[in-house]
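Below, each chain spelled out in residue letters.
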Amino acid sequence: EIRAAYEKVASTAHKSGNLRLATAVMNRLGYSPEHIKVAGIDAFNYQGVGCPHSHAHIKTGDKVLDVGSGLGVDSFIAASECGPQGSVTGIDISKGEVLHANTRAESRDSKNTIFVQADMEKMPFHNESFDVVISNGAFCLAPNKEKAFREIHRVLKPGGTFSVCCTTLLTRLEDEVNWPVCMRVFMPLKDAQPMLEEIGFENVHVDDTDSTMSLSITVEGEEGHGDDSAANGEAMQSSEQASNPEKRRQGVHVGSEEFRHLQDYDMDKLCARVVLVGTKP
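Not measured: the values here are computed from a predicted model.

**Topic: the packing of aromatic side chains**
The geometry of an aromatic ring pair comes down to the distance between the two centres and the angle between the two planes.
Here is step 1 of the chain: Going through the model one piece at a time under the given rule, you end up with 7 aromatic pairs.
Here is step 2 of the chain: The interplanar angle of 85 degrees and the centroid separation of 5.4 Å between the aromatic rings of Y31 and Y46 together place this pair among those described as edge-to-face. Here Y31 is found in the loop between α2 (19-28) and α3 (33-39), whereas its partner Y46 is found in the loop between α3 and α4 (53-56), with 15 residues between them in sequence. Each member of the pair Y31 and Y46 is classed as buried.
Here is step 3 of the chain: A ring pair is formed by F125 and F130, whose centres lie 5.1 Å apart and whose planes are at 85 degrees; its orientation type is edge-to-face. As far as burial versus exposure is concerned, F125 and F130 are alike and both buried.
Here is step 4 of the chain: Among the aromatic residues, those joined into a ring-pair cluster are F139, F149, F162 and F201.

Shown next as structure tokens:
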């Protein structure tokens, strides 16, 4: 179900979106002007829920893994930070998104960046392969969070760092309500730090300083209020695309009649966006 949804997103990733809105969203989520400049025209394919780079501290020459790399935006930013002496490998379960990201890497002449189709719960890498692991939104969708984080621990070099942006649950969801698949597999926030420490990570930190789901975004003097779907880049349509179905970019469940009832819920009381950070001893 998750894979099919993102294959659908990949099918329209080549279409241009609202770059001004995308830039405003990334700025609101903590990306620097330099990050946004590096993202360039790929910014409208941004799919994250936060900014993993502020805690990743990527250095020149680092080998970086981007887990759930989507359409490649965070990977391209990471590639600019590690430089040609380093490398970035992005993994994603969506074949279409991997294909698009590799095509964009070639177009950008990003020779130190490659994307492969892989499952975060069973990564195709040797032990201690990477200096830094980043992820932005993908862990929201991992069915087995502990297994995926154990894989991060396995592939990180000693002293390596992870910075994972994800959405977590503040309270138990009502069983009788029809929730999107992403919310059904969100991790309870209270479980995050104990799980990471039990796996063996050190210096574990849960950054919840910017955790609200509702975002106030200003674009060219107009204020709009987004939610987690906007932060995921799924609603970044241009006005022309909104009025022309043939040009419309696909989202996962934005505007779906199936989930219209969720408008009655205060998502800030149900969920929190956080950055999970830690090191491998």
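There's plenty left to go through after this.
**Considering the confidence of the model for the chain**
Here is step 1 of the chain: Scored by pLDDT, the chain has a mean of 87; 83% of the residues are at 70 or more.
Here is step 2 of the chain: Below pLDDT 50 for its whole length, residues 222-254 participates in 89 contacts with residues either more than four positions away or in separate chains.

**Overview of the side chain of S75**
Here is step 1 of the chain: As for its placement among the helices and strands, S75 is situated in helix α5 (residues 73-82).
Here is step 2 of the chain: Since its relative accessible area comes to 0%, S75 is described here as buried.
Here is step 3 of the chain: A polar atom in the side chain of S75 sits 2.7 Å from the side chain of D66.
Here is step 4 of the chain: Aside from chain neighbours lying at most four places away, what touches S75 is D66, S69, V88, G90, T113 and F115.

**Comments concerning unusual backbone geometry**
Here is step 1 of the chain: Even without being a glycine, H57 presents a positive backbone phi close to 50 degrees.
Here is step 2 of the chain: With respect to the element layout, H57 can be found in the loop between α4 and β1 (63-67).
Here is step 3 of the chain: Under the relative-accessibility criterion, H57 is labelled exposed at 56%.
Here is step 4 of the chain: Not every positive phi belongs to a glycine, and D109 is a case in point at roughly 60 degrees.
Here is step 5 of the chain: The topology assignment puts D109 in the loop between α6 (95-107) and β3 (113-117).

**Comments concerning the nonpolar core**
Here is step 1 of the chain: Counting residues in hydrophobic clusters, the biggest one holds 46 residues, and the most contacted among them are L65, M123, F139, F149, I152, F162 and L276.
Here is step 2 of the chain: Here this core gets 5 residues from one element, more than from any other, and that element is strand β5 (residues 156-169).
Here is step 3 of the chain: Setting aside anything within four residues of it in sequence, one finds M123 in contact with L65, V67, I91, A148, E151, I152, R154 and V155.
Here is step 4 of the chain: The next biggest cluster of nonpolar side chains, apart from the first, holds 18 residues, and it includes A22, V25, A39 and A43.

**Observations concerning the environment of I134**
Here is step 1 of the chain: Looking at the element boundaries, I134 is found in strand β4 (residues 130-136).
Here is step 2 of the chain: Sequence-wise, I134 and L65 are 69 residues apart; in three dimensions their C-alpha atoms are separated by 6.2 Å.
Here is step 3 of the chain: Dropping the residues within four chain positions of it, I134 is found in contact with P52, H53, A56, V64, L65, D66, V67, D74, A78 and S163.

**Considering the pattern of salt bridges**
Here is step 1 of the chain: Applying the stated rule across the entire model yields 13 salt bridges.
Here is step 2 of the chain: A salt bridge links E151 to R154; the shortest N-O distance between them is 2.8 Å. Pair noted here: E151 and R154 are both in helix α7 (residues 145-155), with a separation of 3 residues, about one helical turn.
Here is step 3 of the chain: Since its relative accessible area comes to 11%, E151 is described here as buried.
Here is step 4 of the chain: Look at R154 and you get partly exposed, because its relative accessible area is 23%.
Here is step 5 of the chain: Residues joined by salt bridges that share partners form a network here, namely R28, D210 and R273.

What counts, and where the lines are drawn
Starting afresh in each chain, residues are numbered from 1 along the sequence in its written order. The predicted nature of this model means local features are confined to residues of pLDDT at least 70 and side-chain atom pairs, given and counted, to a pLDDT of 80 or more, with totals for whole chains, interfaces and linings taken over all residues. Just so you know, side-chain values use all the structure's heavy atoms and leave hydrogens and water out. When two rings of Phe, Tyr or Trp (its six-membered ring) have centres within 6.5 Å they constitute a pair, described as stacked for plane angles under 30 degrees, edge-to-face for angles over 60, and tilted for the intermediate range. Helix and strand definitions here come from DSSP, where helices need a minimum of 4 consecutive H or I residues and strands a minimum of 2 consecutive E residues; each element is numbered from the N-terminal end. The cut-offs for exposure are 20% and 50% of the maximum accessible area for each residue type, with area from a 1.4 Å probe on protein chains only; residues under the lower value are buried, those over the upper are exposed, and the others partly exposed. Note on scores: pLDDT gives the predictor's confidence for each residue, bounded by 0 and 100. Contacts between residues were defined by any pair of non-hydrogen atoms, one from each residue, lying within 4.5 Å. Contacts described as polar in this section are N or O atom pairs within 3.5 Å, which, within protein, must combine one atom able to donate a hydrogen with one able to accept it, while residues neighboring in sequence count only if both atoms come from side chains. Among buried residues, those of type Ala, Val, Leu, Ile, Met, Phe, Trp, Tyr and Cys that are joined through side-chain atoms within 4.5 Å constitute a nonpolar core. Take a side-chain nitrogen of Lys or Arg and a carboxyl oxygen of Asp or Glu: if they are within 4 Å of each other, that pair is a salt bridge.

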